[in-house]
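Structure assessment
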Amino acid sequence: MDNWDEFLAPYKQAVEELKVKLRGIRKQFAIEDDRSPIEFVTGRVKPVPSILDKMNAKKIPMERIHCDMQDIAGLRMMCQFVDDIKNVVEILRKRNDFKIIEEKDYISHKKPSGYRSYHMVVEYPVQTIHGEKKLLAEIQIRTLAMNFWATIEHSLNYKYNGDFPEEIQTRLQRAAEAAFRLDEEMSLIREEIQEAQLFFTKKKE
């Protein structure tokens, strides 16, 4: 790649535009005085060293990274409850400003590591000075507990280069189950939590 800045520019534009649009969903719920299933939205463009590492690991040739690497542009949507994830997925399915290419449910079918999240790969059209350019972006939808576990696991994965010591692997799997049990317990008292949050919000206002 001769010019990574030029290659990644439309991906950066896509992330910024999608962050505004996805955060707009939360604002629309607020305008209608309704509870949003979205806590917050983040986004990033994969750094060049990470792109190169993934290319080598998955044997992706340079000329195919635009179609074989689906997460160069990445968005994360955080939810309080597992049921919120289902609501967010349905909202995204109804949109017509991007095309859903693939969905992966790692909540119902967790990864062997214990990882849970819902992934959507979308094709998003970016308007450039040279015309429209369609890019792939990955949207990950997860609870705060899932995100905490995934962030820790991601850091350890870099430290051990994916080859975790057995004890660390076992503890990570236990932690993943503990995080999921936390989500389940919070779901059981969801109404009480939401009533308390509504009371707090109104009192603050």
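Think of each chain on its own: its residues are numbered from 1, step by step along the sequence as written. Totals for whole chains, interfaces and linings use every residue, but because this is a predicted model, local features are given only for residues with pLDDT of at least 70 and side-chain atom pairs only at 80 or more, for both listing and counting. Derived side-chain values reflect all non-hydrogen atoms in the structure, with water molecules and hydrogen atoms excluded from consideration.

Here we take up the sheet that holds strand E2 (residues 73-79). What the five strands build is an open sheet, ordered E1-E2-E5-E4-E3; its pairing is mixed. At either margin of the open sheet sits one strand with a lone partner, and together these are strand E1 (40-45) and strand E3 (99-105). Strand-to-strand twist across the sheet, computed as the mean angle between neighbouring axes with direction ignored, equals 25°. Two strands pair under a simple rule: DSSP has to find at least two bridges between them. Only DSSP runs of H or I covering at least 4 residues are called helices, and only runs of E covering at least 2 are called strands; the numbering of each starts at the N terminus. Pairing of E2 with strand E5 (residues 131-143), which is carried by seven bridges, proceeds in the parallel orientation. Each bridged residue has a counterpart across the sheet, and for Arg76 the counterpart in E5 is Gln140. The sheet contacts of helix H5 (residues 144-160) involve E1, E2 and E5, and relative to E5 the element is tilted by about 105°. Axis definition: a line fitted to C-alpha atoms, limited for helices to the stretch in contact. Angles are taken between N-to-C directions and run from 0 to 180 degrees. Contacts were defined at the residue level, with two residues in contact if any of their heavy atoms lie within 4.5 Å.

So, about the side chain of Ser36. Within the secondary structure layout, Ser36 lies in the loop between helix H1 (4-31) and E1. Exposure categories follow from relative accessible area, calculated using a 1.4 Å probe and restricted to protein chains: below 20% of the type maximum is buried, above 50% is exposed, and the middle band is partly exposed. Classification of Ser36 by relative accessible area gives buried; the value is 10%. N or O atoms within 3.5 Å of each other form a polar contact, as long as, within protein, one can give a hydrogen and the other can take it, and as long as residues adjacent in sequence are counted only when both atoms are side-chain atoms. In terms of polar contacts, Ser36 uses its side chain to reach the backbone amide nitrogen of Ile38, at 3.0 Å. Sequence-distant contacts of Ser36, defined by excluding residues within four places in its chain, comprise Arg26 and Phe29.

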